[in-house]
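Examining the three-dimensional arrangement
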Amino acid sequence: MNYFVHEKAVVDEGARIGEGSKIWHFAHVRGSAILGKNVIVGKSSYVDAEVKIGDNVKIQNLCSIFHGVTIGNNVFIGPHVAFTNDLYPRATGEWNITETTVEDGVSIGANSTIVCGITLGKHALIGAGTVVNKDVPPHGLVVGNPSRLIGWVCFCARKVAGKDFEGGELICKHCGSTIQINLDNH
Ligand SMILES: [Zn+2]
């Protein structure tokens, strides 16, 4: 085994976990979940059946990642983040899984809720406590409940433009990276 599972974590048989990953105490990873390399699953987090997670993903404590969620590479999920997976939830009766995609490089702030059926675009930043109920464009910065776009962020998560930016090239004052925002694709 070339990954670490804390003795108090529960990893069900059949889970695929990549090299260098760490599953911390009281976390539970279901048997059909697939985790890439160097994934950290924090204390008391839950990774449901058939969830797919890429490489270098950091999941903080007490997160709930349910069936239907797919997470790319280099994604940060802050503490207490909850995903949902049914748009018409009832305690009894039919359960319709609705999929959610988190693209590469996204960061999700603490205590956010990601309502199912949406895509969080590459390198988007979700402010702490946001209830995200609609797609977020690549490099988009969203906050609030319901979520609203308030600007654009760099790869380094620093804000590079306000919401009224009309698209084009931006240069980050913090790290010097060039970011291309194409509003036609949003
Ligand atoms: Zn930057």
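Residues numbered from 1 in each chain as written. Predicted model: local features only at pLDDT ≥ 70, side-chain atom pairs only at ≥ 80, totals over all residues. Heavy atoms only, no water.

1. Some words on the environment of Gly42
With respect to the element layout, Gly42 can be found in the loop between strand E7 (40-41) and strand E8 (46-47). With 15 residues separating them in the primary sequence, Gly42 and Ala27 have C-alpha atoms 6.7 Å apart. With residues near it in sequence (within four places) discarded, Gly42 still touches Trp24, Ala27, Ile59, Gln60 and Asn61. (Helix = DSSP H or I, 4+ residues; strand = E, 2+ residues; numbered from the N terminus. Contact = heavy atoms within 4.5 Å.)

2. Examining the packing of aromatic side chains
The description of an aromatic ring pair rests on the distance of the ring centres and on the angle between the ring planes. Tallied over the full model, the rule gives two aromatic pairs. Here the aromatic rings of Phe4 and Trp24 are separated by 5.0 Å at their centres, their planes lie at 55°, and the arrangement is tilted. Taken together, the residues span a long stretch of sequence, with Phe4 in strand E1 (residues 4-5) and Trp24 in the loop between strand E4 (22-23) and strand E5 (28-29) at a distance of 20 residues. Its relative accessible area of 30% is what places Trp24 among the partly exposed residues. (Phe/Tyr/Trp six-rings, centres within 6.5 Å; stacked < 30°, edge-to-face > 60°. Buried < 20%, exposed > 50% of the residue type's maximum accessible area, 1.4 Å probe, protein only.)

3. What to know about the coordination of the zinc ion
Here the zinc ion is held by the protein donor atoms Cys154 (SG), Cys156 (SG), Cys172 (SG) and Cys175 (SG), which lie 2.3 Å from it. The site at the zinc ion holds four donor atoms, and with the angles between them running 101 to 116°, its shape is tetrahedral. We classify Cys156 as partly exposed; its relative accessible area is 21%. In this structure Cys172 comes out as buried when scored by relative accessible area, which is 3%. (Donors = N, O, S within 2.8 Å, 3.2 Å for Na, K, Ca; no water. Tetrahedral: all angles 85-135°; square planar, octahedral: opposite > 155°, others 65-115°.)

4. Regarding the pattern of salt bridges
Where charged atoms from two side chains of opposite charge come close, those side chains can pair. Applying the stated criterion to the full structure yields three salt bridges. Asp48 serves as the salt-bridge partner of Arg30, at 3.2 Å between the closest nitrogen and oxygen. Of this pair, Arg30 sits in the loop between E5 and strand E6 (34-35) while Asp48 sits in the loop between E8 and strand E9 (52-53), and the two are 18 residues apart along the sequence. What makes Arg30 partly exposed here is its relative accessible area of 30%. Residue Asp48 is classed as buried on the basis of its relative accessible area of 7%. Notably, a salt bridge pairs Lys163 with Asp164, separated by 3.6 Å at the nearest N-O pair. Residues joined by salt bridges that share partners form a network here, namely Asp12, Arg30 and Asp48. (Salt bridge = Lys/Arg side-chain N within 4 Å of Asp/Glu carboxyl O.)

5. Some thoughts on the sheet that holds strand E12 (residues 69-71)
Strand pairs in the sheet, formed through backbone hydrogen bonds, run parallel or antiparallel to each other. Ordered in space as E3-E6-E9-E12-E15-E18, the six strands form an open sheet in which the pairing is parallel. Every other strand in the sheet has two partners, leaving strand E3 (16-17) and strand E18 (119-120) as the edge strands with one partner each. Pairing geometry for E9 and E12, over two bridges, is parallel. Bridging across to E12, Ile53 finds its partner in Ile71. (Pairing = 2+ DSSP bridges.)

6. Quick word on the environment of Val11
Tracing the chain through its elements places Val11 in strand E2 (residues 10-11). On the accessibility criterion, Val11 (27% relative accessible area) is partly exposed. Remark: the alpha-carbon pair of Val11 and Ala27, spanning 16 residues in sequence, is separated by 8.0 Å.

7. Some words on the pairing of strand E22 (residues 148-153)
Taken together, the four bridges between strand E21 (residues 140-143) and E22 define a ladder with antiparallel strand orientation. Residue pairing across strands places Val142 opposite Leu149, the latter belonging to E22. Linkage of E21 to E22, two consecutive antiparallel strands, is achieved through a turn of four residues, within which Gly144 is found at a positive phi near 90°. In textbook terms, the turn of a hairpin is the stretch between consecutive antiparallel strands, and for E22 and strand E23 (residues 159-162) this stretch comprises five residues, one of which, Ala157, has a positive phi near 80°.

8. Quick word on the sheet that holds strand E19 (residues 125-126)
The 10 strands lie next to each other as E1-E4-E7-E10-E13-E16-E19-E21-E22-E23, forming an open sheet whose pairing is mixed. Only two strands of the sheet have a single neighbouring strand rather than two, namely E1 and E23.

9. Looking at the side chain of Thr130
Inspection of the secondary structure puts Thr130 in the loop between E19 and strand E20 (131-132). Once residues lying within four places of it in the same chain are set aside, the contact partners of Thr130 are Ser112, Thr113, Val142, Val143, Gly144 and Ser147.

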